[in-house]
Amino acid sequence: MNSFDFVTVSLAGKPVETITLAANQGWSILKPMLFQSIAQTLEMVFITLVVGGVLGLVLGVILYGTRPGNLFENSVVYRILDIIVNIVRPIPFIIFLAAIQPLTMKVVGTSIGTAAAIFPMIIMATFATSRLVEQNLVPVDRGVIEAARSMGASTFTIIRTVLIPEALGPLILAYAFLFISILDMSAMAGYIGGGGLGNFAISYGYQKFDPAVTWTAVIIMIVLVQVVQAIANMLAKRILKRQK
Amino acid sequence: MSEAIIELDHVVKEFKSKDKKKPMRAVDDVTLSINKGDVFGIIGYSGAGKSTLVRMINALERPTSGSVHVLGQDITGLNESGLRPLRRKIGMIFQQFNLFSTKTVAQNIAYPLVLDHWRKDYQERRVNQLLKFVGLEEHANKYPSQLSGGQKQRVGIARALATNPEILLADEATSALDPETTGEVLDLLQQINRQLGVTIVLITHQMNVVQKIANRIAVMSDGRVVERGDAYSVFAAPKQEITKRFIATAISGIPDPERVTDIHRQWSGRIVTVLIRQKDARNELDNSVVPSSGQNISGLIAKYGVSTNLIYGGIDTVTGYAIGAMTYELAGEPSVIDGFLDELSRDSDVYDFGTAQASIDYDKAISMPLGGLKAHPAESNGPDRAGDADNTAESGSADSDREEEQA
């Protein structure tokens, strides 16, 4: 049973020594691994959130701006981007991870490990963010944008100083939502040896029949989500209060 | 008249319509010239194309054909970056104020200054100056959501004036405000026009707004300018039915048919309505002149000794001159009354509704004033309900019609 575990896990790219030690399932051994998993999760989530978040913001603004009647209206570009986003978004991440592997190999140089997990996460996060951004920009009052245009503001200035600030409250909430989606994605990174809390829960909790380990990971994730959501709510509330 | 600051030359604006193959024509061949220092009122119902028209002045909309000259520059061919310096010389205020909701009042007003790369301390000084001008000093650090509608529009005005523009475009700027606040905002706009010499183009569907501050008016309907002229003339001698309807919402001195029926029920004597025009009105489109009216009525009443009851009426001023109508019941010897009306109608427009026993059909009374129509050259004038000038040439026979009726 144990040896079978070793084979599967080491196939997924885990250093064999770690696995051997883990077989003992003592908290003195699990603890540093847990901390390492938290660090890996935070690394993956943070990098994805920043890079995917920024790329998604750009793509989202382009989606919004090319919509009919908007800042740089272009129905051809809009339709193409819209279709691409619609194709990528519904793919379950675990399948996307596998499907995009050849590209990951080319770009990152490896198809296993944390870095190999971050690449598909960034791509998926970019598309997810773009739609969230677009949807939260649509309700921005066009009159306000027109006012800025009438004052001689350039398109980029309008995006930077009017469009995004006006939608900032909902955008913060959208990014909190995105954080949770990325955390969700990071849990699947274990399948390609990405490490992190999800992998920790599966390898040392689920597969070792140790619910305490699984639940430790789950609770840490819940706390992470709660903290991020609480901060986002507070920031968004402060901004939205000004507007209403 | 001073120099033209805005000139629209055969401007057409078409929008693609989704269901129909034919494009929708929002602005249809409009030629208009607005002078420096004008408060130019453009009035029309919603959908008349006036918002599109005003947006072509700062090129928020581009004309499909025709040309637009603003501040001596042909702006038709300019691209967005070429337009930026021009737009900084044209302020704009909006019906929904369009303030930046996440910026404070002071930040809103400073926005155009930031765009214009003003130095920080200059910005502050200018913002304080503007806050003082619009009377919002104590609200500098509030957000727009904490202000009333009137205060929001004051912020909008301050923001529009920040870079010392030469033109202020007001797009239904008072339509979302209550009457009292509307008055305050209009006073402020008038002050801006008079003190700062800013040319104002005012779009509205409220006739009392243009009545209060406009010196020139254009009336728009279905994308066309159907009537234009100095404010007094448009009010005193409207030609188009739509203009008359608009004027009736601001000055309602002429009784409607129901009211005339009521009046006949209550008053047995001869009912006449005398139009009041303090001075001649000149129509800009065809140069016809409608002379003043009702200026000697008190003297004539005294001269003939007719007994009068003033029973209905309304007089208001446009650009400082009186316009309106008065309805009298005349009692006494019929021959004296006829003599009085004969002399009165020589210099005034008089509608004769007859007496309770021998009333005159409303449309006939309105379309055929006593003594004929007064416009010269022979053109229709006054609020005639028929709305066209067809009767003008036959004013003689119109009189005989009336005599038959009365007999």
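Parameters and conventions
Residues numbered from 1 in each chain as written. Chains lettered and ligands numbered in written order. Predicted model: local features only at pLDDT ≥ 70, side-chain atom pairs only at ≥ 80, totals over all residues. Helix = DSSP H or I, 4+ residues; strand = E, 2+ residues; numbered from the N terminus. Buried ≥ 20, exposed ≤ 12 C-beta atoms within 10 Å, placed from the backbone. Contact = placed C-beta atoms within 7 Å. Domains from an automatic or database assignment. Pairing = 2+ DSSP bridges. Core = buried A, V, L, I, M, F, W, Y, C linked by C-beta atoms within 7 Å. pLDDT = per-residue confidence, 0-100. Axes fitted to C-alpha atoms, helices over the stretch in contact; angles between N-to-C directions. Parallel < 35°, antiparallel > 145°, perpendicular 65-115°, else oblique. Left-handed = near helix turned anticlockwise from the far one by under 90°.

(A) Main features of the overall build of chain A. When you go through chain A residue by residue, the secondary structure sums to 12 helices and zero strands. Counting from the amino terminus, helix and strand elements in chain A follow one another as α-α-α-α-α-α-α-α-α-α-α-α. Of all 244 residues assigned to chain A, the portion counted as buried reaches 39%.

(B) Broad picture of the overall build of chain B. Along the backbone of chain B there are 14 helices and 16 strands. If one aligns the C-alpha atoms of chain B with their principal axes, the spans along those axes are about 80 × 50 × 40 Å. Evaluated residue by residue, chain B yields a buried proportion of 47% over its 407 residues. A fraction of 65% describes how many contacts in chain B between residues 6 or more apart in sequence connect residues 24 or more apart.

(C) Quick look at the domain arrangement of chain B. All names here are of chain B. Looking at chain B, the domain boundaries give domain 1 (4–238) and domain 2 (251–406). Placing a centre on the C-alpha atoms of domain 1 and another on those of domain 2 gives a separation of 39 Å. At the interface, 12 residues of domain 1 touch 15 residues of domain 2. Elements represented by at least two residues in the side of domain 1 that touches domain 2 include exactly β10 (224–230) and α8 (231–236). Counting residues per element, the side of domain 1 that touches domain 2 draws most heavily on α8, at five residues.

(D) Highlighting the sheet that holds strand β2 (residues 24–35) of chain B. All names here are of chain B. Pairing is antiparallel across the open sheet formed by four strands, whose spatial order is β2-β1-β4-β5. Looking at strand neighbours, the two that pair on one side only are β2 and β5 (73–74), the edges of this open sheet. Strand direction decides the pairing type here: strand β1 (residues 4–15) and strand β4 (residues 65–70), joined by five bridges, are antiparallel. Residue pairing across strands places aspartate 9 opposite serine 67, the latter belonging to β4.

(E) View of the interface of chain B and chain A. Tallying the contact residues gives 17 residues for chain B and 19 residues for chain A. Broken down by secondary-structure element, the contributors of at least two residues to the side of chain B that touches chain A are α2 (80–87), β6 (90–94) and α3 (105–115) of chain B. Broken down by element, the side of chain B that touches chain A gets its largest block of residues, three residues, from α3 of chain B.

(F) Spatial organisation of the nonpolar core. Formed by 169 residues in total, the largest nonpolar core has its most connected members in Ile42, Ile109, Ala170, Val201 and Leu202 of chain B. The dominant element in this core, judged by the number of residues it contributes, is helix α7 (residues 114–137) of chain A, at 14 residues. Two domains share this core, each providing at least three of its residues, namely domain 1 (4–238) and domain 2 (251–406) of chain B. Leave out the neighbours within four places in its chain, and isoleucine 109 of chain B touches Val127, Leu130, Leu131, Val155, Ala158, Arg159 and Ala162 of chain B.

(G) Representation of helix α11 (residues 197–206) of chain A within the structure. Here α11 of chain A lies mainly inside the structure; eight of its 10 residues are buried. When we look at burial in α11 of chain A, the residues that qualify are Leu197, Gly198, Asn199, Phe200, Ala201, Ser203, Tyr204 and Gly205 of chain A.

(H) Expanded view of the confidence of the model for chain A. Residue and element names in this part refer to chain A. Residue-level pLDDT values for chain A average 87, and 90% of them are 70 or greater. Element-level mean pLDDT values for chain A span from 41 in helix α1 (residues 2–11) up to 96 in helix α9 (residues 155–166). Note on residues 1–12: pLDDT under 50 across the span, and 10 contacts to partners over four residues away in sequence or across chains. Scored below 50 in pLDDT, residues 16–22 shows nine contacts in the model against residues more than four places distant or in partner chains.

(I) A look at the packing of helix α8 (residues 142–150) of chain A against α9 of chain A. Residue and element names in this part refer to chain A. Packing of α8 against α9 leaves a shortest axis separation of 10 Å and a crossing angle of 160°. Relative to α9, the element α8 is oriented roughly antiparallel. The way α8 lies across α9 gives a crossing that is right-handed. Contact residues: Val144, Ile145, Ala148 and Arg149 in α8; Ile158, Val162, Leu163 and Glu166 in α9.

(J) Here's a closer look at the sheet that holds strand β16 (residues 350–352) of chain B. Residues and elements named next belong to chain B. On the basis of which strands lie adjacent, the open sheet formed by four strands has the order β14-β15-β11-β16 and antiparallel pairing. Because the sheet does not close on itself, it has two edges, and the strands there are β14 (307–318) and β16. Each strand of the sheet is rotated relative to its neighbour by a mean of 15°, with strand direction disregarded. Bridge count between strand β11 (residues 270–277) and β16: three bridges; the pairing is antiparallel. Residue pairing across strands places valine 272 opposite aspartate 352, the latter belonging to β16.

(K) Expanded view of the confidence of the model for chain B. Residue and element names in this part refer to chain B. On average, residues of chain B carry a pLDDT of 87, and 90% of them reach 70 or more. At the level of individual helices and strands, chain B shows its lowest average pLDDT in helix α14 (residues 395–406), which scores 38, and its highest in strand β7 (residues 167–171), which scores 97. Contacts from residues 377–407, a stretch scored under 50 in pLDDT, to residues over four places away or in other chains number 47 contacts. The complex prediction reports pTM at 0.83, with the ipTM value standing at 0.82.

(L) Representation of the environment of isoleucine 222 of chain A in the model. All names here are of chain A. On the secondary structure map, isoleucine 222 appears in helix α12 (residues 211–243). Judged by C-beta crowding, with 11 C-beta atoms within 10 Å, isoleucine 222 ranks as exposed. The spacing of isoleucine 222 and tyrosine 175 is 47 residues in sequence and 17 Å in space, taken between C-alpha atoms.

(M) Up close: unusual backbone geometry. Unlike most non-glycine residues, aspartate 29 of chain B shows phi in positive territory, near 55°. Along the polypeptide, aspartate 29 of chain B turns up in strand β2.

(N) Broad picture of the pairing of β1 of chain B. Bridge count between β1 of chain B and β2 of chain B: eight bridges; the pairing is antiparallel. The partner of phenylalanine 15 of chain B across the bridge, within β2 of chain B, is methionine 24 of chain B.

(O) Representation of the packing of helix α3 (residues 27–66) of chain A against α11 of chain A in the model. Two numbers describe how α3 of chain A lies on α11 of chain A: the axes approach to 7 Å, and their chain directions differ by 145°. Listed contacts from α11 of chain A to Leu30, Met33, Leu34, Ser37, Ile38 and Thr41 of chain A of α3 of chain A are Leu197, Asn199, Phe200 and Tyr204 of chain A.

(P) How the structure looks around the environment of glutamate 227 of chain B. Residue and element names in this part refer to chain B. Tracing the backbone shows glutamate 227 in strand β10. A C-alpha to C-alpha distance of 17 Å links glutamate 227 and glycine 47, two positions 180 residues apart in sequence. Apart from residues no more than four positions distant in its own chain, glutamate 227 is found in contact with Val219, Val234, Pro238, Lys239, Gln240, Thr243 and Leu285.

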